[in-house]
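Reading the structure
Listed below, chain by chain, are the residues.
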Amino acid sequence: MTEEKKAALEALMKESIHKAAIQVLIEEGLNALTMAKVAAKAKVAKGTLYNYFKDKKELIQKTHDAISEPVHKFMESLVDSAINPAKKLEQIVHRALECFEEYREAFLVFSQIITRENDLRQKRRATKEIEKIITQGITQKIFRDFSAKRVAEIFINALIGLMEGRLEEKQSSIEED
């Protein structure tokens, strides 16, 4: 088997495992999440999970990363686009909230268990992309000249606060936010 095929197979396997972990988390909660249940849900041997994740903690962290990744990729794709920086920020909020709504129950569990280190790593990554967009807006005179890094940090923290607030709500429309 070629390296390319191996990599594709590994990516599919990880995706299947992540989906299974999310299902177990949503259906049964964190306390019921075991490697055996995730393996059964993914229809793989329990030992197979350990080929990809050293333990339950790493599985949870990597699953959180996997559901956050589309938003990060979306942000990265917008940075170099010709779209107005203000529109870029609006689109990022919309995409982040869509992702949040898609995995609301999983985010509720993740909010209780994700380590501070993993949370900070995710925030730093997002802040760097937002900072680039803010800088573009300042350069184009769309935004006032202010610390792009500071504004990006505020933007990300506001977005996280919005999501945390939505966790407490039963239903909320993305358009309302």
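Residues numbered from 1 in each chain as written. Predicted model: local features only at pLDDT ≥ 70, side-chain atom pairs only at ≥ 80, totals over all residues. Heavy atoms only, no water.

**Re the overall build of the protein chain**
A tally of regular secondary structure across the protein chain gives 8 helices and 0 strands. Secondary structure elements of the protein chain occur, N-terminal to C-terminal, as α-α-α-α-α-α-α-α. Principal axes of the C-alpha set define a box for the protein chain whose edges measure 55 × 45 × 25 Å. Expressed as a percentage of its 177 residues, the buried residues of the protein chain come to 37%. Within the protein chain, counting contacts between residues at least 6 apart in sequence, those at least 24 apart form 66% of the total. Counting only carbon and sulfur atoms, one obtains 52% of the accessible surface of the protein chain, whose full area is about 10,800 Å². Across the protein chain, the mean location of the 30 positive side-chain charges is 4 Å away from that of the 29 negative side-chain charges. (Helix = DSSP H or I, 4+ residues; strand = E, 2+ residues; numbered from the N terminus. Buried < 20%, exposed > 50% of the residue type's maximum accessible area, 1.4 Å probe, protein only. Contact = heavy atoms within 4.5 Å. Areas by Shrake-Rupley, 256 points an atom, 1.4 Å probe, with all protein chains shown as cover. Lys, Arg positive; Asp, Glu negative; His and termini not counted. Charge placed at Lys NZ, Arg CZ, Asp CG, Glu CD.)

**Thoughts on the packing of helix α1 (residues 3-28) against helix α4 (residues 56-79)**
One can describe the packing of α1 onto α4 by two numbers: an axis separation of 10 Å at closest approach and a directional angle of 105°. As summarised for this structure, α1 and α4 are arranged roughly perpendicular, according to the angle between their axes. Here Ile17, His18, Ala21 and Ile22 of α1 lie close against α4, whose contacting residues are Leu59, Lys62, Thr63, Ala66 and Ile67. In the contact of α1 with α4, the residues fall into 6 nonpolar, 2 polar and 1 charged. (Axes fitted to C-alpha atoms, helices over the stretch in contact; angles between N-to-C directions. Parallel < 35°, antiparallel > 145°, perpendicular 65-115°, else oblique. Nonpolar A, V, L, I, M, F, W, Y, C, P; charged D, E, K, R; others polar.)

**Focus: the environment of Ser68**
Its location among the elements puts Ser68 in helix α4. In the structure, Ser68 is positioned 31 residues away from Cys99 in sequence and 7.8 Å away in space, judged by C-alpha atoms.

**Observations regarding the nonpolar core**
A general trend in soluble globular proteins is that nonpolar side chains are found buried together. With 42 residues, the main nonpolar core has Ile17, Val38, Leu49, Leu59, Ile92 and Ile130 as its most contacted residues. When contributions to this core are tallied by element, the ones reaching two or more residues are α1, α2 (35-42), α4, α5 (85-102), α6 (104-113), α7 (116-139) and α8 (148-168). Once you skip the residues sitting within four places of it in the chain, Leu59 turns out to touch Ile17, Ala21, Met35, Val38 and Phe53. (Core = buried A, V, L, I, M, F, W, Y, C linked by side-chain atoms within 4.5 Å.)

**Some remarks on α8**
For α8, with 21 residues, the first-to-last C-alpha span of 31 Å sits near the 30 Å given by 1.5 Å per residue. Within α8 the residues assigned to the buried category are Ala148, Ala152, Phe155, Ile156, Leu159, Met163 and Arg166. Angularly, the buried residues of α8 cover 90° about the axis, an arc narrow enough to put them on a single face. In α8, those exposed residues whose orientation departs by more than 90 degrees from the buried face are Arg150, Ile154 and Glu168. (Expected span 1.5 Å × (residues − 1). Arc of directions from axis to C-beta.)

**Examining the confidence of the model for the protein chain**
With 93% of its residues at a pLDDT of 70 or more, the protein chain has an overall mean of 88. Looking across the protein chain, the model is least confident in α6, with a mean pLDDT of 78, and most confident in α2, with 95. (pLDDT = per-residue confidence, 0-100.)

**What to know about unusual backbone geometry**
At Lys43, a position not held by glycine, the phi torsion is positive, near 60°. Residue position: Lys43 is located in the loop between α2 and α3 (46-52). Exposure remark for Lys43: the relative accessible area of 75% places this residue in the exposed category. In the Ramachandran plot, Lys141 falls in the positive-phi region, its phi being about 65° despite a non-glycine side chain. Within the secondary structure layout, Lys141 lies in the loop between α7 and α8.

**Describing α4**
The end-to-end C-alpha distance of α4, which contains 24 residues, comes to 35 Å, matching closely the 34 Å that a straight helix rising 1.5 Å per residue would cover. At Ser68, α4 is bent by approximately 40°, the largest bend along its length, and proline Pro70 sits one to four residues beyond. At the N-terminal end of α4, a side-chain oxygen is found 3.3 Å from the backbone nitrogen of Lys57, two or three residues along, and the residue is Asp55. (Bend = angle between axes of the 7 residues up to and from the residue. Polar contact = N/O pair within 3.5 Å; in protein donor to acceptor, adjacent residues only side chain to side chain.)

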